[in-house]
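A closer look at the structure
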Amino acid sequence: MRIARFSIDGNVAFGAVEGDKPDELVLDIIKGIPFADFELSGTKVPLSKVRLLPPVLPNKVVAFGRNYAEHARELGNEVPDAPFAFFKPSTAVIGPGDAIQYPSFTEDLQHEAELAVVIGRMCREVPRERVADVILGYTCALDVTARDVQKREKQWARAKGFDTSCPLGPWVETDLSLEAAKDLTIQLTVNGEQRQLGRTSEMIHSIEDLVVNISEAMTLLPGDVILTGTPAGVGPLNVGDEVAVTIEGIGTLTNKVVKRG
């Protein structure tokens, strides 16, 4: 099931996305929330009539860096022996179609396409064999990075945590199994030109590794998001660019870069 969060006539709701052709997609409005038992209402609205929002509002976004060897090398970094985590605040999250605001404190904004894991239940110290049980589904993510600030500052809070630096969407795909999620194509284009192309099978540390690693330290809540790293090919973004992340079996997340007002 593809679960979207959307706004229509000032109201916010979750809905199940139905259909295959982009111009014929509809939303069956969900009674309740997707983190508990819910029913489909049978009330359907065309996707074209709503505004898609971030598919979840995470309490925290846990991101893992340098999880693809070629990406680590392209930036001159060593491949880490253990998962390497950092955080993006909830205020960094935006949805499909929302504007990425180019911060005034950077001159080198860059794109990083990522598979995002959405947590479906409260959990801590998750054993490897139970990881699939705590995952609601998967979505597309863009880890927007102020690369010059990242290089200059030891902490990555400003470089990767600024407002609008974490687009998510367009929806959460719940029908992907954990095994299937381990080998998906990730592609990123800027103004239609391919910049990144890789597969999740290239991850150094698996999805299980990442969930086990972070849940050893902290409680994960329903709606929390784990970013799993980016393949090689990261590069610059400029004001006016349209950037799109497409992940096999999930969909496409598209955002445009604007000057921060």
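One numbering rule holds for all chains: residues counted from 1, following each sequence as written. Owing to the predicted nature of the model, reporting of local features is limited to residues with pLDDT of at least 70; listing and counting of side-chain atom pairs is limited to 80 or more, with chain, interface and lining totals taken over all residues. Excluded from the side-chain calculations are hydrogens and water; all other atoms, namely the structure's heavy atoms, are used.

Focus on the pattern of salt bridges
- A carboxyl oxygen of Asp or Glu within 4 Å of a side-chain nitrogen of Lys or Arg is what we treat as a salt bridge. What the rule picks out here adds up to 16 salt bridges.
- D133 is paired through a salt bridge with R130; the nearest N and O atoms lie 2.5 Å apart.
- R158 is paired through a salt bridge with E153; the nearest N and O atoms lie 2.8 Å apart.
- Using a 1.4 Å probe on the protein chains alone, a residue whose accessible area is under 20% of its type maximum counts as buried, one over 50% counts as exposed, and one in between counts as partly exposed. Residue R158 is classed as partly exposed on the basis of its relative accessible area of 40%.
- Connected through shared salt-bridge partners, K88, E112, D143, R147 and K160 make up one network.

A look at the sheet that holds strand β18 (residues 235–236)
- Note on pairing: DSSP must find at least two bridges between two strands before they are called paired. Each helix is a run of H or I in the DSSP string that is no shorter than four residues. Each strand is a run of E no shorter than two, and both are numbered from the N terminus. Within the open sheet, the three strands sit side by side as β13-β10-β18. Their pairing is antiparallel. The open sheet is flanked by β13 (145–146) and β18, the only strands paired with a single partner.
- Pairing of strand β10 (residues 109–111) with β13 involves two bridges; the strand directions are antiparallel. Of the residues in β13, the one forming a bridge with Q110 is T145.

Comments concerning the environment of D163
- Structurally, the position occupied by D163 is in the loop between α3 (157–161) and β14 (166–173).
- Judged by relative accessible area, D163 falls into the partly exposed class, the value being 42%.
- The spacing of D163 and H111 is 52 residues in sequence and 15 Å in space, taken between C-alpha atoms.

Side note on the environment of G10
- Locating G10 in the fold gives a position in the loop between β1 (2–8) and β2 (11–18).
- Under the relative-accessibility criterion, G10 is labelled exposed at 68%.
- When the C-alpha positions of G10 and A146 are compared, they lie 34 Å apart, and in sequence the two are 136 residues distant.

These figures capture arrangement, not role.
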